[in-house]
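Structural description and commentary
In case you want the letters, here they are:
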Amino acid sequence: MMEKDKDIKIGLSTEEQLNQEFIRAWHKAERTGIEEAEERLYFLDASTFFQVLSKCRISLLKILHAHGVCSIRELSRLLRRDYKRVYQDVQLLKEAGLIHQDAARRIYVPWDKINAEIALAA
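Residues numbered from 1 in each chain as written. Predicted model: local features only at pLDDT ≥ 70, side-chain atom pairs only at ≥ 80, totals over all residues. Heavy atoms only, no water.

Moving on, we get to helix 5 (residues 83–96). Taking 1.5 Å per residue, 14 residues should reach 20 Å; helix 5 reaches 20 Å between its end C-alpha atoms and fits that length. Among all positions of helix 5, only Val86, Asp89, Val90, Leu93 and Ala96 are buried. One face of helix 5 carries all of its buried residues, which in axial projection span an arc of 120 degrees. Pointing more than 90 degrees away from the buried face of helix 5 are the exposed residues Lys84 and Glu95. Near the N-terminus of helix 5, the side chain that reaches the backbone nitrogen of Lys84, with its oxygen 3.2 Å away, is that of Asp82. Just downstream of helix 5, Gly97 is the residue with a positive phi angle, here 90 degrees. (Helix = DSSP H or I, 4+ residues; strand = E, 2+ residues; numbered from the N terminus. Expected span 1.5 Å × (residues − 1). Buried < 20%, exposed > 50% of the residue type's maximum accessible area, 1.4 Å probe, protein only. Arc of directions from axis to C-beta. Polar contact = N/O pair within 3.5 Å; in protein donor to acceptor, adjacent residues only side chain to side chain.)

What follows deals with the layout of surface pockets. Roughly 580 Å³ of internal volume is contained in the largest pocket. Along the walls of the largest pocket sit 16 residues, with Glu21, Ala25, Trp26, Glu38 and Arg40 positioned nearest its centre. By residue number, the principal contributor to the lining of the largest pocket is helix 1 (residues 15–32), which donates eight residues. Class assignment for the residues of the lining of the largest pocket results in eight nonpolar, one polar and seven charged. (1 Å grid on protein atoms, 1.4 Å probe; cavity = no way out; pocket = protein on both sides within 12 Å on 5 of 7 lines; lining within 4 Å. Points joined across faces, edges and corners; volume = space filled by probe spheres on them. Nonpolar A, V, L, I, M, F, W, Y, C, P; charged D, E, K, R; others polar.)

So, about the side chain of Ser13. Among the structural elements, Ser13 can be located in the loop between strand 1 (7–12) and helix 1. In this structure the side chain of Ser13 is engaged in a polar contact, spanning 3.3 Å, whose partner is the side chain of Gln17. Discounting chain neighbours no more than four positions away, the residues touching Ser13 are Leu18, Tyr42, Phe43 and Leu44. (Contact = heavy atoms within 4.5 Å.)

So, in structure tokens, the structure goes:
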């Protein structure tokens, strides 16, 4: 059996929209049961969205995904970037949930695809 790609949806949302989405999901789960969860990450403003997902950090995610599980030091060598800067980027991306860490403290990207969506109208 082929494993399904693991995707995450990211975008912009207000606290009100997040609350309403949670309530809709709760009611749906009560009616039909809990289905496979859709992973989501929302930012409250565009500035933070583009700060976290900068060109440099997206490149880091791509390289880490392609390479697989590794240490931050190894990732910094792959990227040919300063360890301290890579470490800072990894910490930020871990806090956002886009990078995970295993028991041996090695890092990896659990997603095969990041779907970014920005609504232009409310």
